[in-house]
Amino acid sequence: MTLLSDIREYPWTSLLTGLLPARLAALLPARFQTKSAQIVPSASIAGNALTVVIAIMSFLACLTLGAVYMVNQSANAWVNDIASEITVELDPVNSADIEKKMTLVALFLAKQKGIINVKPLTAEDSAKLLEPWLGQTSALQALPIPRLIAVEIDRSNPPDIQLIKTALSENFEGVALDDHRRWQAEIRTLTRSAALVGLAVLSLVAAATIAVIVSATRSAMASNRDIIEVLHFVGANERFISREFERHFLGLGVRAGLVGALAAALAFLLLPTMMDMLGGGIVTTAETQRLIGSGELDLKGYLLCVLVVVVVACLCMITSRLGVIRVLKNYA
Amino acid sequence: MIRFDNVGLRYGSGPEILRDVTFHVLPGSFHFLTGPSGAGKTTLLRLLFMSLRPSRGLIFVFGENVAELSTSGRSALRRRIGIVFQDFRLLDHLTTWENVALPLRVMGKKEADYREDVTDLLRWVGLGDRIDAYPEILSGGEKQRAAIARAVIARPELLLADEPTGNVDPAIGNRLLRLFVELNRLGTSVIIATHDYGLMEQLDAPRLVLYDGHLQLRQAT
């Protein structure tokens, strides 16, 4: 509760003065200026180097969170796509009249319960699927490429896949059904792995931020020892003294977090253009987009960046508070 | 209000600076603390202000055993005490007005409620034209008066002053003494550490005399 009240009582209107150079800040209206003089001067807390370090940490956190979010979104879309489809594969070898067999299998599938749509793919369609890996070459026509039938299923009333599989193998030779379960499992493994890696990176970023703030707090307290002594003499308790320090770190966290998040947002905005500019070619682009979608962050993704700013600011504030109180115990 | 029972103090393994110090300070009393330089006047004030712990003996401040107080408990008691240091201890980045207002700010009072009080007190101690000045441009005497104003602004129950007239001319010294006496009449107990006999002779107040680590109470003649 004290944390919430501290955040509520923070002089937010004066935050802008901390973001702008002193000359510009002096031009702001009175309500944006700091009301009473700072007992612990800002200049004695930390220099620009600390702001840059925290901004870099926020940037990395936003990039990590954004990337994990994109992979997750892309994987979800992919899983949704393939979960509502099954693929029937016809072996082109030993099939005298593959087109006739395609028609028969498609008709058979269309009669099954829980199937909404059956779409036989032409030989050209099948060949196109291989183009990202083999390129546009006439050799594709010579290859015995399996023929595919895309079958859309009713997810609210799904068919008995095992029954269809058995019926297909009994009635048609060289026909296989793929319900994409293996793919779904692999995609889930991929997203879980990406989330774990992201979590590990975020933990490291948080740990580094905490270490930097702890060090900066100690240094700030050492350079303001005289002020702390005077505050003790006039009866200030630990909370009052820690509040004088932590408000600087909260402001610093918000400023640095905003800079990092804005830089990350800019990076996400430019990512699709950069992917094009780097000219990875059809294969690279297709592979990248398969992994992270279009490479664009949606509104929820940008909100995650805002969340990073809040977390970084709170982390700075809480860490400095605990650091100050710990050092004050030794003073007493 | 204040009770010292057989208090002794030594720094580290050195000799005892204070030995078997025993005395009482009653509410509303006025005492001078005197003795030769190095006798331990400042040390005794620091014990009174709870910024030092005794090596032995018991100290009671406002009825509380100092040894049993938590840090927040000590802070609460310090808010009831005003102290004037020999080296002033003003904050250089705050103006004279802001320095004097500091105890009220620490108490959580609103600036609008004490703005006039602080200005009036600064005028009274002769710093009316130095309200917005920073300590680094104040003279020694002006700093002393600002430090005294800071100590008394919150109307403490106990005022401790270490050589409060050491850097001011006799006229200002007398004026400051009148301020202490006025505070005392309003109920504040006052202990002034000084070896200024001229100052002590102006007031019929008991003297706590420190000599060779021992304390003696001498009634005013």
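Higher on the page you've got the structure.
Fair warning: this is a prediction, and the values are worked out from it, not measured in the lab. (Residues numbered from 1 in each chain as written. Chains lettered and ligands numbered in written order. Predicted model: local features only at pLDDT ≥ 70, side-chain atom pairs only at ≥ 80, totals over all residues. Heavy atoms only, no water.)

A. Structural view of the packing of helix α5 (residues 140–152) of chain B against helix α6 (residues 170–185) of chain B. Residue and element names in this part refer to chain B. At a closest axis distance of 12 Å, the pairing of α5 and α6 adopts a crossing angle of 5°. Here α5 lies roughly parallel to α6, going by the angle between them. Within the contact between the two elements, α5 uses Arg145, Ile148 and Val152 and α6 uses Ile172, Leu176, Leu179, Phe180 and Leu183. Classifying every residue of the contact of α5 with α6 gives seven nonpolar, no polar and one charged. (Axes fitted to C-alpha atoms, helices over the stretch in contact; angles between N-to-C directions. Helix = DSSP H or I, 4+ residues; strand = E, 2+ residues; numbered from the N terminus. Parallel < 35°, antiparallel > 145°, perpendicular 65-115°, else oblique. Contact = heavy atoms within 4.5 Å. Nonpolar A, V, L, I, M, F, W, Y, C, P; charged D, E, K, R; others polar.)

B. Region of interest: helix α5 (residues 98–110) of chain A. Residues and elements named next belong to chain A. Under the 1.5 Å per step criterion, the end-to-end length of α5 is 18 Å for 13 residues, consistent within 8% with the ideal 18 Å. Of the positions making up α5, those classed as buried are Ile98, Lys101, Met102, Val105, Ala106, Phe108 and Leu109. The arc enclosing the buried residues of α5, seen along the axis, measures out at 160°, which places them on a common side. Packed against the buried residues of α5 are β1 (85–90), β2 (115–120), β3 (147–153), α8 (161–171) and β4 (175–178). (Expected span 1.5 Å × (residues − 1). Buried < 20%, exposed > 50% of the residue type's maximum accessible area, 1.4 Å probe, protein only. Arc of directions from axis to C-beta.)

C. Quick look at the interface of chain A and chain B. Opposite the 19 residues of chain A that make contact, chain B presents 21 residues. Roughly 1,800 Å² of surface becomes buried between chain A and chain B when both sides are summed, with 63% attributable to carbon and sulfur atoms. It is A:Val230, A:Phe233 and A:Val234 in chain A that bury the most area against chain B; as a group they hold 35% of the surface buried on that side. Remark: the boundary between chain A and chain B carries one salt bridge. For the salt bridge of B:Arg89 with A:Glu229, the shortest nitrogen-to-oxygen distance reads 3.2 Å. At the junction of chain A and chain B, the tally comes to six residue pairs in polar contact (both at pLDDT 80 or more). Looking at the side of chain A that touches chain B, the elements that each hand over two or more residues are α10 (225–233) and α11 (238–278) of chain A. Looking at the side of chain A that touches chain B, the element that brings in the most residues is α10(A), giving six residues. (Buried area = accessible area lost by both parts, 1.4 Å probe. Salt bridge = Lys/Arg side-chain N within 4 Å of Asp/Glu carboxyl O. Polar contact = N/O pair within 3.5 Å; in protein donor to acceptor, adjacent residues only side chain to side chain.)

D. Expanded view of the sheet that holds strand β2 (residues 16–25) of chain B. Residue and element names in this part refer to chain B. What the four strands build is an open sheet, ordered β2-β1-β4-β5; its pairing is antiparallel. Lying at the two open borders of the sheet, with one neighbouring strand each, are β2 and β5 (64–65). Examined bridge by bridge, strand β4 (residues 56–61) and β5 share two bridges and lie antiparallel to one another. Note on β5: the bridge partner recorded for valine 61 is glutamate 64. (Pairing = 2+ DSSP bridges.)

E. Spatial organisation of unusual backbone geometry. Residues and elements named next belong to chain B. A positive phi angle, near 50°, is found at asparagine 6, a position not held by glycine. Among the structural elements, asparagine 6 can be located in strand β1 (residues 2–10). Exposure remark for asparagine 6: the relative accessible area of 44% places this residue in the partly exposed category. Phi at glutamate 163 takes a positive value of approximately 45°, unusual for a residue other than glycine. Mapped onto the secondary structure, glutamate 163 falls in the loop between β7 (158–162) and α6.

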